[in-house]
Amino acid sequence: MPVGAVREPPLLECSFGSSDDRFVISVNEAVRTILEQISPLPGEEVPILQAGGRVLCEDVRARRSVPPFANSAMDGFAVRWQDVAHAAEFPPVTLKLVEAVAAGYVAKRRVSEGVAIKVMTGTPIPVGADTVVRVEHTESHGEQLLIKAVDGPGSHVRQAGEDIQKGELALEKGKLLAPADIGLLASIGKSRVRIFRRPRVAVISTGDELLDVRDSPRPGKIVNSNGYTLAAAIQEIGAAPVSFGIVRDKRKSLVAALKRAARCDAVMTSGGISVGDYDLVKEALGEAGARIEFWKVAQKPGHPLAFGRLRNKPVFGLPGNPVSSAVSFLLYVRPALLKMMGHRNLFLPVIQATLEHEIKKSRGVKEFIRCRIRTDNGRSFVSSTGAQGAGVLRSLAMAQGLIVASEEQTQLEKGSEVPVILLGRLEALNEELGF
Ligand code: AMP
Ligand code: MG
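Conventions adopted
- Residues numbered from 1 in each chain as written.
- Chains lettered and ligands numbered in written order.
- Predicted model: local features only at pLDDT ≥ 70, side-chain atom pairs only at ≥ 80, totals over all residues.
- Heavy atoms only, no water.
- Domains from an automatic or database assignment.
- Near = heavy atom within 4 Å.
- Polar contact = N/O pair within 3.5 Å; in protein donor to acceptor, adjacent residues only side chain to side chain.
- Areas by Shrake-Rupley, 256 points an atom, 1.4 Å probe, with all protein chains shown as cover.
- Helix = DSSP H or I, 4+ residues; strand = E, 2+ residues; numbered from the N terminus.
- Nonpolar A, V, L, I, M, F, W, Y, C, P; charged D, E, K, R; others polar.
- Buried < 20%, exposed > 50% of the residue type's maximum accessible area, 1.4 Å probe, protein only.
- Contact = heavy atoms within 4.5 Å.
- Pairing = 2+ DSSP bridges.
- Axes fitted to C-alpha atoms, helices over the stretch in contact; angles between N-to-C directions.
- Salt bridge = Lys/Arg side-chain N within 4 Å of Asp/Glu carboxyl O.

What follows concerns the domain arrangement of the protein. Here the protein is partitioned into domain 1 (21-41 + 198-340), domain 2 (44-66 + 162-196), domain 3 (71-153) and domain 4 (350-433). Measuring from the centre of the C-alpha atoms in domain 1 to the corresponding centre in domain 3 gives 69 Å.

Shown next, in the form of structure tokens:
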């Protein structure tokens, strides 16, 4: 995705507060600048069941071997290979059955010459035995056991440490923990584990026009949907949103809210970052003591976008328009938060797809066009979800992807191959699997 092959001009010196368009930077440069300034948070120790989907913050060595002892991989009979090597249907080998042992128990007898012990899947291999003959290859008559076929020396024995040896590196720092990893940790006797801490992310929604969803409608007012979109987006990636509610377009209120918000691990504002009379977030950031790196990116939607550091915490001034702020979150805040949580895979997946209709755009900006994706015979086809206004949240809600149109392009031809950022799982996968 954003960090790509195109060689970008170096980051320009920003003189704070200027509205000069020379200070617009490219999407790739913005992503690079942000990620350069983000480091992973320290680790925390949690019970393993809380570690799924999080990133491991320590190398974990096995303190036990798994399995801890050699055991049977089949229901059958533990024998000595030399006793049964020549077994066949005609003639079978006859052994003496001396004991039957369930999984979870240890045989009292040993397997000596001419002897067999009945075992189940998981039963420890009795002393003296080296091979298991499966039940299907035998016939028992009381204490007499006929072996009619064998699968080879050592067959159906799971050796101690076959999965993992004591002292071996079981999981490496940086591993994104999936359910099998949690089970692996349990199997080696590790009940708690160190993972990267999740960032607490302050969400400040600015605007005199904003009401909460629970408030009654009032003339001139709209619901603060950004606060919800952004909090949900933070939650989706496993970080913790901290809502600072609605802050009015007053410099003093903004400065106070920003200062309080800087106690979190990252700060995000929406609105008030553009060039309107009441767009005071940039000024307030400066007054609160933030160092601003940039505040404009050559993109659509989401042209105004401030990034800087406030009391050494990353601060993102997202635009107010609902789609602009949501897309800016995906492009910039999401990878930054993932990096803070120790992830190595920071970007949404990108596929190549065939465009179903022509798209026109202006030169000099990178555009992200909300689209639907359909697959046909293993090929993906994309088409716009319709109205692409920065305020039309529904067309983002309907979208499965974002078509990426580069700065140089002015037109994307029907039938051409275009890169598409995937926003979620494609239902088409189910079709391909035949469900
Ligand atoms: P602004 O950048 O503050 O001028 O906002 C741009 C547009 O986005 C305006 O139409 C705002 O009403 C709208 N907007 C700003 N903040 C929010 C929000 N939190 N939720 C929904 N719409 C918003
Ligand atoms: Mg505003």
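Right, let's talk about the site of ligand 1 for a bit. Contacts to ligand 1 come from 15 residues, most closely from Glu-209, Asn-224, Ser-225, Gly-272 and Gly-320. In the model, a nitrogen atom of ligand 1 is placed 2.8 Å from a nitrogen or oxygen of the Asn-224 side chain. Asn-321 is positioned such that a nitrogen or oxygen atom in its backbone is 3.2 Å from an oxygen atom of ligand 1. When ligand 1 is considered free in solution it has 490 Å² of accessible area, and contact with the protein chains removes 76% of it. If you list the elements that add at least two residues to the shell around ligand 1, you get β15 (222-223) and α4 (225-236). Here the shell around ligand 1 is composed, by residue class, of four nonpolar, nine polar and two charged.

Following the sequence through the fold, Asp-279 ends up in the loop between β17 (266-270) and α6 (281-288). Note on Asp-279: relative accessible area 22%, which makes it partly exposed. Taking the C-alpha atoms as reference points, Asp-279 and Arg-251, separated by 28 residues in sequence, lie 9.5 Å from one another. Excluding anything up to four places from it in sequence, Asp-279 contacts Gly-272, Ile-273 and Ser-274.

It is worth spelling out the sheet that holds strand β7 (residues 131-134) at this point. Spatially, the six strands line up as an open sheet ordered β7-β4-β6-β5-β9-β8, and their pairing is mixed. In this open sheet, the two strands that pair with only one neighbour each are β7 and β8 (138-141). For this sheet, the mean inter-axis angle between neighbouring strands, taken without regard to orientation, is 35°.

Now for unusual backbone geometry. Here Val-66 and Pro-67 are connected by a cis peptide whose omega angle stands at -10°. Following the sequence through the fold, Pro-67 ends up in the loop between β2 (60-61) and β3 (71-72). Residue Pro-301 follows Lys-300 across a cis peptide bond; omega there is -5°. Tracing the backbone shows Pro-301 in the loop between β19 (299-300) and β20 (304-310). Positive phi, normally seen in glycine, also occurs at His-156, with a value near 60°. Summarising the element assignment, His-156 is placed in the loop between β9 (144-147) and β10 (157-158). Phi at Asn-312 takes a positive value of approximately 70°, unusual for a residue other than glycine.

Enumeration over the complete set of coordinates arrives at 17 salt bridges. Put simply, Asp-83 and Arg-80 hold a salt bridge, and the shortest N to O gap is 3.1 Å. When sorted by exposure, Asp-83 lands in the same class as Arg-80, which is buried. The partner of Lys-360 in a salt bridge is Glu-358, with the nearest N and O atoms 3.2 Å apart. Given the relative accessible area of 57%, Lys-360 is considered exposed. Through salt bridges with shared partners, a single ionic network connects Glu-89, Glu-139 and Lys-148.

Pairing of strand β22 (residues 350-355) with strand β25 (residues 379-384) involves two bridges; the strand directions are parallel. If you follow Thr-354 over to β25, its bridge partner there is Phe-381. Where strand β24 (residues 366-376) folds back on β25, the antiparallel hairpin that results is connected by two residues, among which Asn-377 adopts a positive phi of roughly 55°.

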